[in-house]
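What follows is the residue order along each chain.
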Amino acid sequence: MKNHLLLCLALAVLQSSAQAQIKKWTGAANDSQWLNTLNWEGQTLPSATDSVVLDHSFVQGAYKVVLPTALVAIKALTIDSGPNGSIELELPSTSSLAPALQLAGSIQLLANSQLTNRSAANGASAIQTGDSVYVYSGARYVHRSTSPHAAFLNSFSKSDSCVNGILCFDVPGTASYTLSLSNRVLGKLVLQSKAAAAARTYVATGVNPVQLKGGLEIDSNTTLSYNATSTVHVFGDFILNGTLNMGPGANAIFLKLYKSWTGTGQVVESGAGTPVIEWNGTSLQDYQFKGQIKDQISLQSNNAIGISLKQPLTVNYGIRLLKGVVYSAADAPFILDSNATVLADTSVNAAYIDGVVVRKAMKGNQTYLFPIGKDKYQRWIRVKGIAGDVQLVYRKIAASSVTASIDSSLKRVSGVEYWTLTANGSGYLQTELSFNSVNSGGVTNLNALQVAYTPGWMWFNGGNEGTTGSAGASGSVWSDTLPFVSSTPLHLTLASAIKQENPLPIQFLRLYSKPLTENTLIGFTVSSTEAIQSFEVEWIDVDGQAHFNEEISIVPNKYTYESSIKNFEESIGFRVKVKKSGVALYSSIHRFPSWYRTLDWELKLIQAGRSAPKLYCYSSLTQKAQLIIYSSVGTTIHTQRVDIRKGANVFELPIYALTSGWYTVSVVTANGERKVVKGVVN
């Protein structure tokens, strides 16, 4: 009797378990109502032990399911729209319970699926889960309710698969609504005012950082007023068609953008703080914003790859160029308003503007910096004396391309660069042109260095009122007062008053190499050899040190030179030294491709007892390298520099008591070649 009773109980449990699994929507009643049993598989309502699935198993095309005003308790929820049409589950505005939808497990919203919360609940979240909420890419949770949301957001998954899931706030009414954003990691945040049918303001505060992995979108007629001291990371696109108030009170946020910025809205600050917007991506960021950046909002470029302007960028308050190039154009200029400040380190080439720069409403008694450049080099210029607007462009091309005619007081003009200035104003003009050694063609005599200018038909002497820096390095030269005609382009360049000095036309057009049997063929092409005494070829070792190899004599009217140099086992490339009047000018370093020096080697890692392990290595070349040993699970155990000599090598590694097993050894040679092999300790 007892065994029979146990068997009956077991069968009952199995039957209950089989019934309490997945419950699917059939939509047979065709009325969208959750409480209609005809709409469910088996014609019974989901229970607290059921996992509900809304998909297209029974219904093709888009559909909507509306929850009741009574409490619904289930185990889990999955909305899987797939490609056959969107599926939406709605908690209606007639529901005021908290909770109204209660789950013991998770919520999963797959692509093209939507969960909409219109609840009228007060004081607590209308949706409660016992597990995570997964809003996957292409899916969205829409909060169209004045009910609280903080507790529900605590359940949102931070998984990488939810990066592009959408969290949309479209709250009805006109009173401001506070968002719980501090210390959140969310997908894409979308703020709307459709349900309000009027202007809608969202408020956020906090000191902890916010990460918006999928981006931030603020619709038209919508304002986000962010009174906080936190950093907001927008890893996806920033779409601003409404208003972002970055500092409505005493605080201000630091907004970091990692992708593109688009929209037609505005960025403002109405408080006492000084907010900052920083471009901080790892790939080229597009600026396509057609709106306005107002008030005391600072901008920062901190992207080594750069920022590409597709629309004009107007800086009203200030900008700091930390890293990377800002690419502008005639139809998308970089504009500095009358009182805007620009901070840039003129001694480095890490950050500048490549393209058209406009400074509005310059004051004649002030000096203005234009940190412009091209091709990885900043070639800044300062301008003073003009009252009005000034546009500047730097061009890395020979000054003779404007005109080959030169005033008799000048002996040569730069063969590599010139600036074009267009002023719309009055006053006088003085300019300070920068030079940078080889990148300016070579400056050897500061007293003979001149500023040259032309309206287009002849290069005239603009004088030398003073210089900074030193010959063969970097510095600048101030012009005398120059004539200019409003709205007419004036070209500026470096020039020399002495033929034997400042070989400004010298430019290395090409550096190349080719391996031979015993030697290496090296070659280079220059734009001119005027006033140059000779070239010296130097080979560069693995530590970056230069060593004299040979001197090459100048041949009249010859611009390409080749030589066969000895294969030094530790050389990684070469450079060319220009000898001129006791001043040394250098080309860039040409690095030999790694296949010139292929490292063929074998190794074996052995340890006996508790002694230090030894690495046996046979190499076909002498090389310097970095050696790293990893455990079988990828943990770094040891790192050291080694000198690998041609032939057999034995390295005693200062680590002890390695356990038996496989170890990975990574060797990175001085020329960047990487070898990875496995060794075993017995």
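Heads up: the structure comes first, above all this text.
Report follows, based on the coordinates.

Calculation notes
- Residues numbered from 1 in each chain as written.
- Predicted model: local features only at pLDDT ≥ 70, side-chain atom pairs only at ≥ 80, totals over all residues.
- Heavy atoms only, no water.
- Helix = DSSP H or I, 4+ residues; strand = E, 2+ residues; numbered from the N terminus.
- Buried < 20%, exposed > 50% of the residue type's maximum accessible area, 1.4 Å probe, protein only.
- Contact = heavy atoms within 4.5 Å.
- Areas by Shrake-Rupley, 256 points an atom, 1.4 Å probe, with all protein chains shown as cover.
- Patch = residues over 30% accessible without salt bridge, like charges linked within 9 Å, V, L, I, M, F, W, Y side chains within 5 Å.
- Salt bridge = Lys/Arg side-chain N within 4 Å of Asp/Glu carboxyl O.
- Pairing = 2+ DSSP bridges.
- Axes fitted to C-alpha atoms, helices over the stretch in contact; angles between N-to-C directions.
- Phe/Tyr/Trp six-rings, centres within 6.5 Å; stacked < 30°, edge-to-face > 60°.

## Quick word on the overall build of the chain
For the chain, the helix and strand inventory stands at two helices and 61 strands. Counting only residues that meet the buried cut, the chain has 50% of its 682 residues in that class. In the chain, the proportion of contacts linking residues at least 24 apart, taken out of those at least 6 apart, comes to 58%. On the chain, roughly 29500 Å² of surface is accessible, and the fraction owed to carbon and sulfur atoms is 49%.

## Thoughts on a nonpolar patch on the surface
Nonpolar side chains collect at one region of the surface, where Leu284, Ile305 and Tyr327 lie side by side and expose about 260 Å² of accessible area between them. Within the fold, Ile305 resides in the loop between β28 (298-302) and β29 (307-309).

## Concerning unusual backbone geometry
When glycine is set aside, most residues are seen to have a negative phi, and most peptide bonds are trans. Looking along the chain, the bond that leaves Ala98 and enters Pro99 is cis, with omega of 5 degrees. Here Pro99 lies in the loop between β6 (87-91) and β7 (101-103). Despite not being glycine, Ser32 has its phi angle at roughly 70 degrees, a positive value. Turning to its location among the elements, Ser32 is positioned in the loop between β1 (22-24) and β2 (51-54). Residue class for Ser32 comes out partly exposed when judged on its relative accessible area of 26%.

## Brief notes about the sheet that holds strand β10 (residues 127-129)
Pairing in this open sheet of three strands is parallel, and the strands run β4-β7-β10 from one edge to the other. At either end of the open sheet lies a strand with only one pairing partner, and these are β4 (72-74) and β10. Neighbour-to-neighbour, the strand axes of the sheet open up by a mean angle of 10 degrees, direction not taken into account. Pairing geometry for β7 and β10, over three bridges, is parallel. Of the residues in β10, the one forming a bridge with Gln102 is Gln128.

## A look at the environment of Thr223
Among the secondary structure elements, Thr223 is positioned in strand β18 (residues 222-228). Excluding anything up to four places from it in sequence, Thr223 contacts Arg200, Thr201, Tyr202 and Thr243.

## Brief notes about the packing of aromatic side chains
This structure, assessed with the given rule, holds 21 aromatic pairs. Ring geometry for Tyr134 and Tyr136: centres 5.8 Å apart, planes at 10 degrees, overall stacked. With relative accessibility at 19%, the residue Tyr136 sits in the buried group. Site record: aromatic cluster; members linked through ring pairs are Phe238, Trp261, Trp279, Tyr287 and Phe289.

## Digging into the pairing of strand β13 (residues 166-169)
Along any regular strand, the residues point their side chains to alternate faces of the sheet. Here β13 shows no split at all, with Ile166 and Cys168 on one side and Leu167 and Phe169 on the other all buried. The pairing of strand β12 (residues 140-143) with β13 spans four bridges and is parallel. Of the residues in β13, the one forming a bridge with Tyr141 is Leu167.

## Looking at the environment of Leu101
For Leu101, the position within the fold is in strand β7. Remark: the alpha-carbon pair of Leu101 and Ser125, spanning 24 residues in sequence, is separated by 9.6 Å.

## Observations concerning the pattern of salt bridges
Following the criterion strictly, the structure yields twelve salt bridges and no others. Of the charged contacts in the structure, one is a salt bridge between Asp170 and Arg144, with a shortest N-O distance of 3.1 Å. One end of the pair, Asp170, is in the loop between β13 and β14 (177-178); the other, Arg144, is in the loop between β12 and α2 (150-153), and 26 residues separate them in sequence. Accessibility assignment for this pair places Asp170 and Arg144 in one class, buried. Between Glu278 and Lys256 there is a salt bridge; the shortest N-O distance is 3.9 Å. In this pair, Glu278 is assigned in strand β25 (residues 276-279) and Lys256 in strand β22 (residues 254-257), connecting sequence segments 22 residues apart. Take Glu278: its relative accessible area is 3%, and that puts it in the buried class.

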